[in-house]
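Understanding the architecture of this molecule
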Amino acid sequence: MRKKTLFFVATLLFSASVWAQQKEIAIKVYPEQGKQVISKHIYGHFAEHLGACIYGGIWVGEDSSIPNTKGYRNDVLEALKKLQIPNLRWPGGCFADEYHWMDGIGPRENRPKMVNNNWGGVVEDNSFGTHEFLNLCEILGCEPYISGNVGSGTVEELAKWVEYMTSDGDSPMANLRRKNGREKPWKVKYLGIGNESWGCGGDMHPEYYADLYRRYAVYCRNFDGNKLFKIACGSSDYNLAWTDVLMKKVGYKMNGLSLHYYTIKSWGDGKKGFATEFDNDEYYWTIGKCMEIEEVLLKHMEIMDKYDKGKKIGLMVDEWGTWFNVEPGTNPGFLHQQNTMRDAFVAALTLNIFNKYSDRIQMANIAQIVNVLQSVILTDGAKMTLTPTYHVFDMYRVHQDATYLPLDIETDTKEIREREVPFVTASASQKDGIIYLTLTNVDLISERNITVDFSDLKLSKVNGRILTSKDIKDHNTYDNPNLVAPRSFKDAKFKNGKLSVKLPAKSIVVLEMN
Ligand code: AHR
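Quantities reported herein were computed from a predicted structural model and do not represent experimental measurements.

Some words on the packing of aromatic side chains
In this description, an aromatic ring pair is defined by two values, namely the gap between the centres and the angle between the planes. Taken as a whole, this structure holds 20 aromatic pairs when the rule is applied. Arranged with centres 6.4 Å apart and planes meeting at 65°, the rings of Y283 and F345 form a pair that is edge-to-face. Residue Y283 is found in helix α8 (residues 280-291), and its partner F345 is found in helix α10 (residues 341-356); the two are separated by 62 residues along the sequence. Classification of F345 by relative accessible area gives buried; the value is 0%. Clustering of aromatic rings is evident, with ring pairs tying together W59, Y72, W90, F95, Y99, W101, F128, F133, W161 and Y164. One cation-aromatic arrangement involves K265 over W285; the distance from NZ or CZ to the ring centre is 5.5 Å. Between R448 and the ring centre of F423, over which it is positioned, the NZ or CZ distance is 4.7 Å.

Focus on the domain arrangement of the chain
Once the domains are mapped, the chain shows domain 1 (22-34 + 406-513) and domain 2 (40-401). Domain 1 and domain 2 are separated by 29 Å when their C-alpha centres are compared. Taken together, the contact between domain 1 and domain 2 spans 43 residues of the former and 43 residues of the latter. Interface area lost by domain 1 to domain 2 is led by R417, I472 and Y478, which between them contribute 20%. Of the charged contacts in the structure, one is a salt bridge between E292 and R417, with a shortest N-O distance of 2.4 Å. Top contributing element to the side of domain 1 that touches domain 2 by residue count: strand β20 (residues 424-431), with six residues. Within the side of domain 1 that touches domain 2, the residues separate by chemical class into 20 nonpolar, 12 polar and 11 charged.

Observations concerning the sheet that holds strand β1 (residues 24-29)
Read from one edge of the open sheet, five strands run β17-β1-β22-β26-β25, paired in mixed fashion. Edge positions in the sheet fall to β17 (407-410) and β25 (492-495), since each of these pairs with one other strand and no more. Within the sheet, the average angular offset between the axes of one strand and its neighbour, ignoring direction, is 20°. Here β1 pairs with strand β22 (residues 448-453) via five bridges, running parallel. Opposite I27, over in β22, you have V452 as the bridge partner.

A short note on the state of the cysteines
Joining two cysteines, a disulfide is a covalent bond between their sulfur atoms. For the structure on display, the rule yields one disulfide. Note that C94 is cross-linked by a disulfide to C200, the S-S spacing being 2.2 Å. Because the torsion about its S-S bond is -90°, the bridge between C94 and C200 counts as left-handed. Here C94, found in the loop between β5 (87-90) and β6 (114-116), pairs with C200, found in the loop between β9 (190-193) and α6 (206-219); they are 106 residues apart in sequence, far enough to count as distant. Among the residues examined, C200 registers a relative accessible area of 34% and is labelled partly exposed. The cysteine C53 is free of any disulfide, with C137 supplying the nearest cysteine sulfur at 12 Å. C137 forms no disulfide, and the closest cysteine sulfur to it belongs to C142, at a distance of 3.9 Å. Under the relative-accessibility criterion, C137 is labelled buried at 2%.

Conventions used here
Residues numbered from 1 in each chain as written. Predicted model: local features only at pLDDT ≥ 70, side-chain atom pairs only at ≥ 80, totals over all residues. Heavy atoms only, no water. Phe/Tyr/Trp six-rings, centres within 6.5 Å; stacked < 30°, edge-to-face > 60°. Helix = DSSP H or I, 4+ residues; strand = E, 2+ residues; numbered from the N terminus. Buried < 20%, exposed > 50% of the residue type's maximum accessible area, 1.4 Å probe, protein only. Lys NZ or Arg CZ within 6 Å of the ring centre and 35° of its normal. Domains from an automatic or database assignment. Contact = heavy atoms within 4.5 Å. Buried area = accessible area lost by both parts, 1.4 Å probe. Salt bridge = Lys/Arg side-chain N within 4 Å of Asp/Glu carboxyl O. Nonpolar A, V, L, I, M, F, W, Y, C, P; charged D, E, K, R; others polar. Pairing = 2+ DSSP bridges. Axes fitted to C-alpha atoms, helices over the stretch in contact; angles between N-to-C directions. Disulfide = S-S within 2.5 Å.

Now the structure itself:
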């Protein structure tokens, strides 16, 4: 009897595993239809004066015992340089609408202090200001994205900030900058006029904000060859009315319109769930919520298309990512959370979606770069670790400024939150004769056999990297920093001109082919 039961169980397991291995997915890539370029700025980042993002995470000051270059920690600089981050948004977020830039220039010992009302009520000493930020961008070789104060500032204040940063003339603000040690102006292209002006940035109605934006835009001028790309504060989630009013009333007076979307369970009640403690249902819930961004994007883009058929105005998703409860024992106002393989999926899935709509999406900024929300880097004193999300950005770097290649995918799906969520997603691009393909399999149990048809391209060589882990909750710690890290991937081969890939359960893969 016992033997029979065992046999039955074994047969069941065997057929389950055969069934698991037989899941066939077909992808067809259309290289001849590749037109739009995936702006590298879709791979952008965001650094706010929030918790240990700036202070401790990036900036430790010249006198710190943590190895640094002119006050910036060396380990973080090195990691960010490797990532080739294209842009960095600063100083907020909500912080931006209470920030007065003049408090952050001149000798550090003379800079006035302020209370960071949005984030933990801590005292901000303004030791990291305009020079520290713009010099950091120069070191990293990335474009600065300045987020201006509209909520509690004035038009004059923002206009003077632009003059201070970018004027090369004999002007009062340029001369003040020179007095503070910087002779030549910086190049500043991206200027955000307000942040979440419907909420923490001034609680405004869209009609009022639209008029205010127009006023600010007049006085934020282009100095000496510096050409501003002006970004109006956009909406979040399903607030479509905001987008409609802005498109109607501001139109081509803006170059970009922002949008925020967080993968979050509930706002303001401590029930967001924990970054490292979750069950399989919660995992799939997160995947479903993350994928919902596509629906949100489509709705906003439909409105944008109505007013701007030629897609001149960029959609700038300048805040996105996971938002969980803070790590136990940390300041609730510091938004400090760990980062697991689940976060890696949120990054990979979202970036695949952004690539798809890169004819409209010109920029995106994951929130936030170090120690806050879905960070790419975590630090604690002198210790530093790269998160699984970092590795996704590293693997997906290949898509930056590459030509997007449309594709069709036939994949099985899972019902999550009343929506059919694909188990497999993909994104393809082409640059300098090389084809890149990123693939995700969110299934916790089964691998997928994937066949990719590249039309008439004669490809024969393939190299790959994979990010996966035994447990979806796996994450990197200071003691075990390489638990989740990319490894070389060999399960992709060309057969009769078609690529076949064995994509393991819970894995993210990047392939380079020629
Ligand atoms: O990223 C954290 C906060 O989320 C930002 O300051 C704000 O813009 C958003 O609500």
